[in-house]
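# Descriptive structure summary
One letter stands for each residue in the lines below.
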Amino acid sequence: MDKAQAPVEEMPPRKVLFIDDEQDFETLIRQRFRKAVRSGDIDLYFAYNGADGLDLLRKHTDIGIVFTDINMPEMDGITFLRTLETEEFQDRLLRVVVVTAFGNMKNIRHAMNSGAFDFITKPVEFDDLKMTLEKAANELDKMHEGRAAAQALESAIREKELARASEKLKEDFFANITHELRTPLTLIMGPVERTLELTREAHTVQNLKIVHSNSRRLLQLINRLLDLSRVEAGSMKLHRKRVDLPALLREVVTSFRDLAARKQIELRIQRQPEQFFTDLDPERIVQILYNLLSNALKFTPEGGRVLVDMAVDEAMDRFTVSIKDTGVGIPQADLPHVFDRFFRVEGRQGKGTGIGLSLSKELVELHAGEMSVRSIEGLGSEFFFTLPHVEGATEVFELREWEPQLPEDREVNIAPDEDEIPQEAERAIDDSRPTVLIVEDNPDMRQLVAAELAGEYNLRTAGNGREGLTIANEVVPDLVVCDVMMPEMDGFEFCSILKQDDATSHVPVIMLTARAAIEDKLEGLELGADDYLTKPFEGRELRVRVRNLIQGRVRLRDYFRNQFLTAPQPIKAKSREEVFLLKVKSVIHAHLSDEQFGVEALCTELGMSRTQVHRKLTALTGNSAGYVIRTYRLETAMEMLRRDTGNISEIAYDVGFSSPSYFTKCFTEHFNLTPREVRKSLT
Ligand code: ADP
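Residues numbered from 1 in each chain as written. Predicted model: local features only at pLDDT ≥ 70, side-chain atom pairs only at ≥ 80, totals over all residues. Heavy atoms only, no water.

### So, the site of the ligand
Threshold: Here a residue is near a molecule or strand as soon as one of its heavy atoms is found within 4 Å of it. We call two N or O atoms a polar contact when they sit within 3.5 Å, provided that within protein one can donate a hydrogen and the other can accept it, with sequence-adjacent residues counted only if both atoms are side-chain atoms. Per-residue accessibility takes into account occlusion by the displayed protein chains alone, with areas from the Shrake-Rupley method and a 1.4 Å probe. For the purposes of this entry, the term helix denotes a DSSP run of H or I that reaches at least four residues, the term strand denotes a run of E that reaches at least two, and both are numbered from the N terminus.
Contacts to the ligand come from 22 residues, most closely from Asn 295, Asp 325, Thr 353, Gly 354 and Leu 357. Asn 291 is positioned such that a nitrogen or oxygen atom in its side chain is 3.2 Å from an oxygen atom of the ligand. Contact distances for the ligand include 2.8 Å between a nitrogen atom and a side-chain N or O atom of Asp 325. About the coverage of the ligand: the protein hides 100% of its 530 Å² of free accessible area. For the shell around the ligand, the secondary structure elements donating two or more residues are helix 10 (282-298), helix 11 (356-366) and strand 12 (380-388).

### Brief notes about the sheet that holds strand 9 (residues 305-312)
Selection criterion: By the convention used here, strands pair only if DSSP detects at least 2 bridges between them. Helix axes use the C-alpha atoms of the stretch in contact, all axes being lines fitted to C-alpha atoms, and the angles between their N-to-C directions lie in the range 0 to 180 degrees.
With mixed pairing, the five strands of this open sheet are ordered in space as 7-9-10-12-11. Looking at which strands have only one partner, the edges of the open sheet turn out to be strand 7 (266-271) and strand 11 (370-376). Strand-to-strand twist in this sheet, taken as the mean axis angle between neighbours without regard to direction, amounts to 15°. The pairing of strand 11 with strand 12 spans seven bridges and is antiparallel. Residue pairing for strand 12: Val 373 is matched across the bridge by Phe 383.

### Remarks on the packing of aromatic side chains
How we decide: Pairing of aromatic rings covers Phe, Tyr and Trp, the last through its six-membered ring, and needs centres within 6.5 Å; plane angles under 30 degrees mean stacked, over 60 mean edge-to-face, and all others mean tilted. Classification of residues uses two cut-offs on accessible area relative to the type maximum, computed with a 1.4 Å probe and protein chains only: under 20% is buried, over 50% is exposed, and between them is partly exposed.
Counted under the stated rule, the structure contains 12 aromatic pairs. Centroid distance Phe 276 to Phe 319: 5.6 Å. Interplanar angle 70°. Geometry classified as edge-to-face. Taken together, the residues Phe 276 in the loop between strand 7 and strand 8 (277-280) and Phe 319 in strand 10 (residues 318-325) connect sequence positions 43 residues apart. Comparing Phe 276 with Phe 319, the two get one shared label, buried. When the ring of Phe 663 is compared with that of Phe 667, the centres are 5.6 Å apart and the planes differ by 50°; the resulting orientation is tilted. Of this pair, Phe 663 and Phe 667 both sit in helix 24 (residues 660-671), four residues apart, which is roughly one turn of the helix. Look at Phe 663 and you get buried, because its relative accessible area is 0%. Classification of Phe 667 as buried rests on a relative accessible area of 0%. Ring pairing ties together the aromatic residues Phe 18, Phe 25, Phe 33, Phe 46, Phe 67 and Phe 126, which thus form one cluster.

### Details of the sheet that holds strand 13 (residues 435-439)
This is how it is decided: The contact definition used throughout considers only heavy atoms, calling two residues in contact when any of these lie within 4.5 Å.
One open sheet accounts for five strands, arranged 14-13-15-16-17; its pairing is parallel. Looking at which strands have only one partner, the edges of the open sheet turn out to be strand 14 (458-462) and strand 17 (531-534). Averaged over all neighbouring strand pairs, the angle between strand axes comes to 20°, with direction disregarded. Bridge analysis of strand 13 against strand 14 gives five bridges, and the strand direction is parallel. Among the inter-strand pairings, Val 436 is bridged to a residue of strand 14, identified as Leu 459. Lying on the sheet, helix 15 (residues 465-475) is in contact with strand 13 and strand 14; it crosses strand 14 at an angle near 145°.

### Focus on the packing of helix 7 (residues 202-233) against helix 11
Rules: In this scheme the handedness of a crossing depends on how the near helix is turned from the far one: anticlockwise by less than a right angle means left-handed, clockwise means right-handed. Under the scheme applied here, ten amino acids are nonpolar (Ala, Val, Leu, Ile, Met, Phe, Trp, Tyr, Cys and Pro), four are charged (Asp, Glu, Lys and Arg), and all others, including Gly, are polar.
Following both chains from N to C, one finds helix 7 and helix 11 inclined at 40°, their axes separated by 10 Å at the closest point. In the crossing of helix 7 with helix 11, the sense of the turn from one axis to the other is left-handed. Between helix 7 and helix 11, the residues in contact are Arg 224, Asp 227, Leu 228, Val 231 and Glu 232 and Gly 356, Ser 358, Leu 359, Glu 362 and Leu 363, respectively. Counted by class, the contact of helix 7 with helix 11 contains four nonpolar, two polar and four charged residues.

Encoded structure:
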């Protein structure tokens, strides 16, 4: 490209200072650089001694090149140069060329030793000056580039340091808070353990076990969070030891035997070398194995299988461990996320925190390995990790001295077995007590609610909405306490179906929810929940609410009983329950003269089971179905007698009695008046 066409104005002019006590020198320079000055390539500054030169440098901080004479009055060139070395100009990027008499080597050496970049000799040859100027300019550019790079580097380092400091801060914070949380937790667990040893009282034992297992769960969660933050901050160090991995695997699998047996899951090592020594951090590897095995057992139903496998590759430089189950599997869409922190498969909430796998993967990667998963929903999953075979550790891991710290991990990671929870409360059915159905997926929470209500009520429990509906339909409880978030069928759906079914529509529902959000409340109430409790709740409050609702039903029952039984003429139906009672009444009415019509036929007509009809009618009216039918017949007879629709025998047959004398007996018992007396009182 032609130089003339170059975008000159974009290049800032070179700023050059000339210091010389000879006035002619200035004239010469100005003349020679006239063109360059005019085209904006160069700015010229002139001073007549060192001190003036320094002043100009102070004023124009972008002057980068200086040509200075050495012998000058007031301040000579050497002093000028030395001043540039002082603190004031320390950070200034400058290139100084000395202009000195030809042959004055002493001066030149002096100047060069004092920081001059180059020299030219007098009388000045303009070409020489120009070349030296260009050289100085190039040099200056390089210095600027160097400085920019250095600054960038410095700021990068500073940023990294800052990031590290903030990671450290985070980690310290975690460490501190963990410690702060661990201490009170330990102080909760200790006394609970001691009290558990001393107590025989079933309810107390039950409650304390819940406290204990949840404290443990919390402790484990805290520990995992701390581990995760350590890994992320890069401060988790591996303690590699020489480990016989197959032996360690056998040990770990053995410690899961009980649990597998209890769940009737076949757990075994399928294939592995007899012995294989490699360097790894046994504690961390065990942590990974526990996570994978707990998950496999947790997500595999009874009768399933969990297989462990270990193989070394041919080159003997890597090995793979795999844990395969025949469990519920993971939906295809979720597979890429299972190692994300806090990830849990939708609908399987309440079963863990979603930290385990992300931590396991981090720990595998810390060992320079890889972890992955294969899974087909409904068929099972296989998690496997591959680690490089490393040798050279001096410390040997002694399996014999190793104590598996199972209880914490295992109990915590896996929901307590249903069988472990004492269910006496549920078993002892006392007919005089109202029945409460508890629908809650968390076994501990279910047990806690049960423990609160056990003394006063017959209890039934269900682990999700669907199960809850089955039980509700079967037993028609007097009240339901139900959770909102549950797998399979949540509390809202449960409640709405319950309230739409004639058999159960009258049953009051208390919803328990962890979300205090008012919208939830509204949604629940719209779907027919009768009351709300937000978790954590106080036992006393739960008991009061349950009692209030059940008593409320008793008042309602008195109202219905009066309305329903003493007034054979149709009542005006307002609520769902009144509509139901009206239906009952019209069914009975339609069969009034049919002496064969009884409870069985009523149930068939209503499309409900005998228990359902019985439970519903006693809940609404306080009376059995048989009693309701009989009373309806008698009340109608009373009406007919009053309206004088026929003789007593006729009326007896009309309301479904086959024998007038039996009719008279029942009528008299019910009204404390004989039919004849009623007749008489009318005339
Ligand atoms: P946690 O078990 O504490 O929830 P993890 O990180 O160990 O956390 O697991 C994350 C999620 O991955 C689990 O909630 C579960 O949904 C799914 N998952 C893990 N292992 C299995 C498995 N073997 N079978 C089916 N799903 C699994």
